[in-house]
Amino acid sequence: QQQVKQSPQSLIVQKGGISIINCAYENTAFDYFPWYQQFPGKGPALLIAIRPDVSEKKEGRFTISFNKSAKQFSLHIMDSQPGDSATYFCAASMHLGDMRFGAGTRLTVKP
Amino acid sequence: DAGVTQSPTHLIKTRGQQVTLRCSPKSGHDTVSWYQQALGQGPQFIFQYYEEEERQRGNFPDRFSGHQFPNYSSELNVNALLLGDSALYLCASSLRIGGRNTGELFFGEGSRLTVL
């Protein structure tokens, strides 16, 4: 059922560094691409989302880059902080219906 | 403003038993979706309820069924439990306008089911 492939599985970054997580999708009918952040014992929380009509969206330290022709999108976390340590999921959906999630990336930001 | 609430938070069942999980959506939301999250994996869509009807369904067997009540709360039922059903079950709520999904999913903290 997985139609979204996410990499890397885990990522270790120094405080102040840039964290980059990549995703690739298969279904060209997808029209909504969110990123979710999940802390242990909590449900996923929406971080930032993009539609395919734009190539980049920035909210604070978080940026999504979107490449429609390559069917890829990525999350960049600038100035990474220890509080950003969590599992990040990319996802994709069609008409905001069922959300197809990637397998997740466990990010650790070392102080 | 209460977010999405789920109960129970943890439960243990044995193979062959049945389980019911409950969800109250975020205030103002009318659509409830259920997801299964196996350990170390991303959530997988089970189904979505709107106006007390199942509107979309993922690739899950008929052992998984649900219900939505007039107050928008929802239940997920799983019959004939298998060991592989052990997972975190997440409820997410959202809002439809004019029957169309409008966006952000708000997730609850989940119900952790262990099948022995």
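What comes next concerns the included structure. (Residues numbered from 1 in each chain as written. Chains lettered and ligands numbered in written order. Predicted model: local features only at pLDDT ≥ 70, side-chain atom pairs only at ≥ 80, totals over all residues. Heavy atoms only, no water.)

What to know about the overall build of chain B
Short version of the rule: Labels follow the DSSP assignment, with helices taken as runs of H or I lasting at least four residues and strands as runs of E lasting at least two, numbered in each case from the N terminus. For this measure, only C-alpha atoms enter the radius of gyration; the expected value for a globule follows 2.2 Å times N^0.38, where N is the number of residues. Any residue under 20% of the maximum accessible area for its type is buried, any over 50% is exposed, and the rest in between are partly exposed; the area is computed with a 1.4 Å probe on protein chains only. We count Lys and Arg on the positive side and Asp and Glu on the negative side, and we leave His and both chain ends out. For this purpose, a charge sits on NZ of Lys, CZ of Arg, CG of Asp or CD of Glu.
Looking only at helices and strands, chain B has zero helices and 13 strands in total. When the helices and strands of chain B are placed in sequence order, the string is β-β-β-β-β-β-β-β-β-β-β-β-β. Over its C-alpha trace chain B gives a radius of gyration of 13 Å, about what one expects of a compact globule, namely 13 Å for 116 residues. On the principal axes, the C-alpha backbone points of chain B span a range of 45 × 30 × 25 Å. Per-residue burial for chain B yields a buried fraction of 49% across its 116 residues. Counting 10 positive and 11 negative side-chain charges, chain B places the centres of these two groups 7 Å from one another.

Observations regarding the state of the cysteines
Residues and elements named next belong to chain A. For clarity, the cut-off: When two cysteine sulfur atoms lie within 2.5 Å, the pair is treated as a disulfide.
On inspection of all chains with the given rule, the structure shows two disulfides over all chains. Put simply, cysteine 23 and cysteine 90 are joined by a disulfide, and their sulfur atoms are 1.7 Å apart. A torsion of -85 degrees about the S-S bond marks the disulfide between cysteine 23 and cysteine 90 as left-handed. Pair noted here: cysteine 23 is in strand E3 (residues 19-25) and cysteine 90 is in strand E9 (residues 86-92), with a separation of 67 residues, a long-range link.

Notes on a nonpolar patch on the surface
Put simply, the rule reads: For patch building, the residue pool is restricted to those with more than 30% relative accessible area and no salt bridge; the joining distance is 9 Å between like charges and 5 Å between nonpolar side chains (Val, Leu, Ile, Met, Phe, Trp, Tyr). Method for areas: the Shrake-Rupley scheme with a 1.4 Å probe, in which residue coverage is limited to the protein chains shown. Between Lys or Arg on one side and Asp or Glu on the other, a salt bridge is scored when a side-chain nitrogen of the former is within 4 Å of a carboxyl oxygen of the latter.
Taken together, the side chains of Ile18, Ile20 and Met78 of chain A define a hydrophobic patch exposed on the protein surface, amounting to about 240 Å² of accessible area. Within the fold, isoleucine 18 of chain A resides in the loop between strand E2 (10-14) and E3.

What to know about the sheet that holds strand E3 (residues 19-24) of chain B
All names here are of chain B. Filter applied, for reference: Should DSSP find at least two bridges between two strands, the strands are taken to pair. All axes are obtained by fitting lines to C-alpha atoms, using only the stretch in contact for helices, and the reported angles, taken between N-to-C directions, cover 0 to 180 degrees.
Strand order in this open sheet of four strands is E1-E3-E8-E7, and the pairing throughout is antiparallel. What marks the edges here is a single partner per strand, and that holds for strand E1 (5-7) and strand E7 (64-68). Taking each pair of neighbouring strands and ignoring which way they run, the sheet shows an average axis angle of 20 degrees. Where E1 and E3 come together, three bridges link them in antiparallel fashion. Paired with threonine 5 across the two strands is serine 24, which belongs to E3.

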